[in-house]
Amino acid sequence: MRVAEKRRLIKQYKMERERQQKLEEQEEIKRLRKELIPKAQLMPYFDRPFVPRRSEKQPTVPQEPKFCIPRHKTIRCCRMSCNDMSGPSQLQHLPSSVEKTEALYKNRGLQ
């Protein structure tokens, strides 16, 4: 008998707690809906002209862009950066992809 009564009391307590939670949630939803109603805002006054304040910071100094690729980001096969290449004469010693492929075929004896 006592076990059945305890289970019944526990069940009633759980149901009461769930009912209270539902009521609280419904009240909160009602409160949020009231808060979310859009309200009209006052128009700003345009009778006074807007004068922006002058900044107290110093203007920035323009810097020349750095178009050079750092050495650690260069292509590993050529081992040259843009600083090493002063003109088109420097590019002549770099093999093209066709020349590289031909050299590979010659080394392997395929051609």
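Residues numbered from 1 in each chain as written. Predicted model: local features only at pLDDT ≥ 70, side-chain atom pairs only at ≥ 80, totals over all residues. Heavy atoms only, no water.

Asks: Lay out the overall build of the chain in plain terms, naming residues and giving numbers.
Replies: In terms of regular secondary structure, the chain is built from 3 helices and 0 strands. Burial analysis of the chain (111 residues in total) assigns 3% to the buried set. Only carbon and sulfur atoms are counted for the fraction: they give 55% of the accessible area of the chain, which is about 12,600 Å². (Helix = DSSP H or I, 4+ residues; strand = E, 2+ residues; numbered from the N terminus. Buried < 20%, exposed > 50% of the residue type's maximum accessible area, 1.4 Å probe, protein only. Areas by Shrake-Rupley, 256 points an atom, 1.4 Å probe, with all protein chains shown as cover.)

Asks: Residue-level account of the pattern of salt bridges, with values.
Replies: A pair can form between side chains of opposite charge whenever their charged atoms are brought close. Here the structure, examined in full by the defined rule, presents 3 salt bridges. Arginine 31 is paired through a salt bridge with glutamate 35; the nearest N and O atoms lie 2.9 Å apart. Taken together, the residues arginine 31 and glutamate 35, both in helix α1 (residues 2-35) and 4 residues apart, mark about one turn of the helix. Residue arginine 31 is classed as partly exposed on the basis of its relative accessible area, which comes to 42%. The shortest N-O distance in the salt bridge between aspartate 47 and arginine 48 comes to 3.9 Å. (Salt bridge = Lys/Arg side-chain N within 4 Å of Asp/Glu carboxyl O.)

Asks: Residue-level account of the confidence of the model for the chain, with values.
Replies: On average, residues of the chain carry a pLDDT of 78, and 77% of them reach 70 or more. Within the chain, the element-level pLDDT minimum falls on helix α2 (residues 88-91), averaging 48, and the maximum on α1, averaging 93. (pLDDT = per-residue confidence, 0-100.)

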